[in-house]
Amino acid sequence: MRKCSIEHQSFLEIGSVLKMNALVALCHFCELHGPRTLFCTEALHPPSPSPSSHTGAPVPGDRDRDGDREGEGLTMRANSSATQRGEMCEGCRSLPASHPGFVSIDDETGIRFLSHQHPRQPQLFSVVRQACVRSLSCEVNSDVCPGREGPIFFGDEQHGFVFSHTFFIKDSLARGFQRWYSIVMVAMDRIYLINSWPFLLRHLRLTIQSLQSTALKVFDNEQGVCPQRAVRMNSVFSPAVFPHQRSGNAARSLTSLTQHPNLWASLHSSFSWLLKACGCRLTEKLLEGAPTEDTLVLLERQTEQEEEMSCWEGAEGGSSMSQRHQSESELGLNFLCDDAKLNELPGPKCRSLRHLRQVLGAAEFRQLVWHVLMGNQVIWRGADPGLIQSAFTVLKSLLPVGCVRSVPYSGQYEEAYKCNFLGLSPDVPIPTHVSSSEFSVLVDVSLERSCQISAACEDDISSHYQFTISSANTQPTDRGPTLLNKLEVALSNENLSVDVVSHCLLCLKEEWMNKVKVLFKFSKVDGRGREDTQKVLALLGATGPGEEDNVRLLKFWMTGLSKTYKSHLMTAVRGGERSPSQ
C-alpha cells in the first residue's frame, strides 16, 4: 500500500521549526538598485507536539520559544542588514523598519500568515532574493513572455521552484512611463506549482489588474496636470546631468503610484487567501495501487473546467460565460458530492439501488438498469426534481464516471448525444423519433390522486407515486449482461447490507473496466481482426449467454476511458514500434 499525496506535503523546510507549503512575494526592478523584494507573505504551520507535551515535563528553552512564537507576529522586522536598509530608496521599501508587519490566523487549521518586506528566516531570504532576481532579469525574454509581461515557471530542487508573473505599473516620472514588477510564488514541490498553474494565473491576474487600473488613474491625473512627455522634450539633456535627473524620479513607492492608503494590508489579505485557497484545492488521499479510471476522469474534468474558466475570464464578457459554465457544471457532474447532495434533497428520494428496486419492482428495475448499462438514454419525467435527481444519483453508480452525461432537470428535451440521463418536467413532450427508438427508455412519475405526502411517510415512495416505464426496445433483457445478473443476486440477498452491496458493485465495475481496457488495447490500439477479438472475448468471459449484451456493455464503457490512459497506451505502442528500428 503506497501513499499518493495529491496535497503534496513536501513543504519547504528550513531547519526543524519552520514548515511552509509556499511563499508569495511582490518584487520590483528599481532603476537605481536593481531587483528588490517589496513584500512577502509566508504560511507558518503550527509546530508538531513534542514528546514532552504528553508527559507534561517542561523542556529547557520551551518558555523562550513559546514567548518568541507569541510575539513574532507583533515584533517582526525585516531581515536586511543596516547597510541594506541604507541602500534602499522609497521605491525599494514597502514597510518601514519599525512596522510590525501583518498577521492573519486561520482558526480551523492554526496556520498563521505573516507578511513583511522580507522573510523571517535568513535562508528563505536568499531563496526569495534569487527568485526575485531571476523573475525580473534572466528568466524573462520575448520568446517566453511576449512584451516581458506574463507568467513563467522556473527553478530547481536546490533553490525551489517558482511561478512568476511579471507586469508593468504606469508612472509618469519613470523611464518609459512605467515600472516593472513581478509576483512570485516559491515552493519546493514542482508538481504542486504545476497543478496550481491555472488557479494561480486566474487569481494573480485579478490582483495585477487591480494594481494596474488604480495606478493608471493616478497616471492620467498626473499627466493631465503636468504632461511629462513635453517637459522631457524641452529639457536640456547631457550625459553628466542624466544620473542626477533620474535619481529623484526613481524613488517613487508603489503606494505613491496607486494612491492606495491600505495597499500593503490589502496585498496581505490577497496573498494570505491565495496561500490558503491554493492548499485547500488539493486534498490528500490514500490509494491502493494506481488511480482508478474514475479518479483520472474526475481530475481531467476539473482541469478542463479550470482552463475554460480561465479562458472565459480573460475574454470579453468572461463573467457571464463563467457563470454559465459554473451553472452547467453543477448539473450532476460533481460525482464527489453526490452522496452529500442526495441527503440534502427535500421530499421523497431514492436512497439506494435496493430501495429503487423495491419501488419499481424487480422486472421493471431490471429493464431500467439494462438500458443504463447498454448506454441508452434514460428519461425521467415528473414534477418532483428532487426525486428524479436522487434516482439519477443512484443509477449513475452503475456506470464509470466517464460514461455519464447528465441533465438532472430541464424544461425541454435534450438529444441523446448530450446526455444519457435526462430529467424533464411533466409537460415536456417526447419527440416521436425518441419514443419510437429502441435506444431510450421513459419513466413517467405521476403523483397518486388524493394523496398528500407527509414527513413521516416520505420514504414510502411507492404509495405516493406511480411509475410507468415504456420503451420501444423488443430485445429481451433477462439474459444479460453478466454484470447485471450478478448485481441482482446481491440485491436480492437480504443478508447483505446496502454498504456490502455497494462494495460488490464497485468490485464488479472494476472487473469489467479491466476487461474494457484489454479489449480497447486489443481491438483499437493493436488493430486485431474480428476473429482474434472473438477469442479475447471468450478469454474475458464475455461469451455464452448474454454475449450480445456483454459486448454492447464493453463497447459503451470503452467510451468512458480517460484520456490519460488512452494517451499512455498510444505512446507505449509507438515507442515499441520505434525501438526495433533503432
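Residues numbered from 1 in each chain as written. Predicted model: local features only at pLDDT ≥ 70, side-chain atom pairs only at ≥ 80, totals over all residues. Heavy atoms only, no water.

Draft legend 1. Layout of the sheet that holds strand E4 (residues 23-30). With antiparallel pairing, the 7 strands of this open sheet are ordered in space as E6-E7-E5-E4-E10-E9-E8. Edge positions in the open sheet fall to strand E6 (102-105) and strand E8 (150-156), since each of these has one partner strand only. Averaged over all pairs of adjacent strands, the angle between their axes in this sheet comes to 20°, without regard to strand direction. In the sheet, strand E5 (residues 34-44) pairs with strand E7 (residues 112-116) via 5 bridges, with the strands oriented antiparallel. Across the sheet, Cys 40 pairs through a bridge with His 116, a residue of E7. Strand contacts of helix H4 (residues 122-135): E4, E5, E8, strand E9 (160-170) and strand E10 (178-187), with the helix running at about 130° to E5, the strand carrying the most contacts. Where helix H6 (residues 197-225) meets the sheet, its contacts fall on E8, E9 and E10, and the angle it forms with E9 comes to roughly 25°. (Pairing = 2+ DSSP bridges. Helix = DSSP H or I, 4+ residues; strand = E, 2+ residues; numbered from the N terminus. Axes fitted to C-alpha atoms, helices over the stretch in contact; angles between N-to-C directions. Contact = heavy atoms within 4.5 Å.)

Draft legend 2. Structural context of the nonpolar core. The biggest cluster of nonpolar side chains holds 55 residues, and the ones touching the most others in it are Leu 373, Trp 380, Leu 398, Leu 399, Phe 467 and Trp 557. For this core, the element with the most residues is helix H19 (residues 498-525), which contributes 8 residues. Counting residues domain by domain, this core receives three or more from each of domain 2 (353-448 + 461-476) and domain 3 (498-575). Residues within four places of Leu 399 in sequence aside, it is in contact with Val 372, Leu 373, Val 404, Asn 420, Phe 421, Lys 509, Phe 556 and Trp 557. Ranked by size, the runner-up nonpolar core spans 37 residues in total, among them Ile 169, Ile 183, Leu 193 and Ala 215. (Core = buried A, V, L, I, M, F, W, Y, C linked by side-chain atoms within 4.5 Å. Buried < 20%, exposed > 50% of the residue type's maximum accessible area, 1.4 Å probe, protein only. Domains from an automatic or database assignment.)

Draft legend 3. Representation of the sheet that holds strand E12 (residues 377-381) in the model. Spatial strand order, E13-E14-E12-E15-E16: 5 strands in an open sheet with mixed pairing. If you trace the sheet from one side to the other, it starts and ends with strand E13 (406-410) and strand E16 (465-470), each paired once. Between one strand and the next, the sheet's axes are offset by a mean angle of 15°, whatever the strand orientation. Alignment of E13 against strand E14 (residues 421-424), held across 3 bridges, turns out to be parallel. Among the inter-strand pairings, Ser 406 is bridged to a residue of E14, identified as Phe 421.

Draft legend 4. Representation of the packing of aromatic side chains. Within the structure shown, the criterion is met by 13 aromatic pairs. Seen in terms of ring centroids, Phe 392 and Phe 421 are 5.5 Å apart; in terms of plane orientation they differ by 65°. Their pairing is edge-to-face. Here Phe 421 lies in strand E14 and Phe 392 lies in helix H16 (residues 385-396), a separation of 29 residues in the sequence. Judged by its relative accessible area of 2%, Phe 392 is buried. Ring centres of Tyr 465 and Phe 467 lie 6.5 Å apart, and the angle between their planes is 50°; on these two criteria the pair is classed as tilted. There is no split in this pair, since Tyr 465 and Phe 467 are both buried. One aromatic cluster is present, formed by Trp 380, Phe 392, Phe 421, Tyr 465 and Phe 467 through successive ring pairs. One Lys or Arg, Lys 170, reaches over the ring of Phe 219 and ends 5.3 Å from the middle of that ring. (Phe/Tyr/Trp six-rings, centres within 6.5 Å; stacked < 30°, edge-to-face > 60°. Lys NZ or Arg CZ within 6 Å of the ring centre and 35° of its normal.)

Draft legend 5. Layout of the packing of helix H14 (residues 353-360) against helix H15 (residues 362-374). Relative orientation of the contacting elements H14 and H15 amounts to 125°, with a least axis distance of 6 Å. Accordingly, the angle class assigned to the pair H14 and H15 is oblique. Considering how the two elements wind past one another, H14 and H15 form a crossing that is right-handed. Between H14 and H15, the contacting residues are Leu 353, Leu 356, Arg 357 and Leu 360 on the first element and Ala 362, Glu 364, Phe 365 and Leu 368 on the second. (Parallel < 35°, antiparallel > 145°, perpendicular 65-115°, else oblique. Left-handed = near helix turned anticlockwise from the far one by under 90°.)

Draft legend 6. Examining the environment of Ala 363 more closely. Following the sequence through the fold, Ala 363 ends up in helix H15. The sequence separation of Ala 363 and Thr 477 amounts to 114 residues, and the corresponding C-alpha distance is 9.4 Å.

Draft legend 7. View of unusual backbone geometry. Positioned with a positive phi, Gln 259 is a non-glycine residue whose angle comes to about 55°. Mapped onto the fold, Gln 259 is located in the loop between helix H9 (254-258) and helix H10 (263-281). Assessed through its relative accessible area of 53%, Gln 259 is described here as exposed.

Draft legend 8. Quick look at the confidence of the model for the protein. For the protein, the mean per-residue pLDDT works out to 74, and 71% of the residues sit at or above 70. Note that pLDDT drops below 50 for residues 316-337; the model gives that stretch 27 contacts with residues more than four away or on any other chain. Every residue in residues 578-582 scores below 50 in pLDDT, and together they form 0 contacts with partners more than four places removed in sequence or on other chains. (pLDDT = per-residue confidence, 0-100.)

Draft legend 9. Inspection of the environment of Ser 172 at higher detail. Topologically, Ser 172 is positioned in the loop between E9 and E10. For the pair Ser 172 and Leu 257, spaced 85 residues apart in sequence, the C-alpha separation works out to 9.0 Å.

Draft legend 10. Main features of the pairing of E9. By the criterion of burial, E9 is predominantly enclosed, with 10 of the 11 residues buried. Hairpin geometry of E8 and E9 is characterised by an intervening segment of 3 residues between the two adjacent antiparallel strands.

Draft legend 11. Region of the structure containing the pattern of salt bridges. With the rule as written, the count across this model stands at 9 salt bridges. Its salt-bridge partner being Glu 293, residue Lys 517 comes within 3.7 Å of it at the nearest N-O pair. Of this pair, Lys 517 sits in helix H19 while Glu 293 sits in helix H11 (residues 293-314), and the two are 224 residues apart along the sequence. The class for Glu 293 is buried, based on a relative accessible area of 5%. Across the pair Asp 444 and Arg 381 runs a salt bridge, and its minimum N-O distance is 2.7 Å. Taken as a pair, Asp 444 in strand E15 (residues 440-447) and Arg 381 in strand E12 lie far apart in primary sequence, 63 residues in all. Classification of Arg 381 by relative accessible area gives buried; the value is 16%. Through salt bridges with shared partners, a single network forms among Arg 357, Arg 366 and Glu 488. (Salt bridge = Lys/Arg side-chain N within 4 Å of Asp/Glu carboxyl O.)

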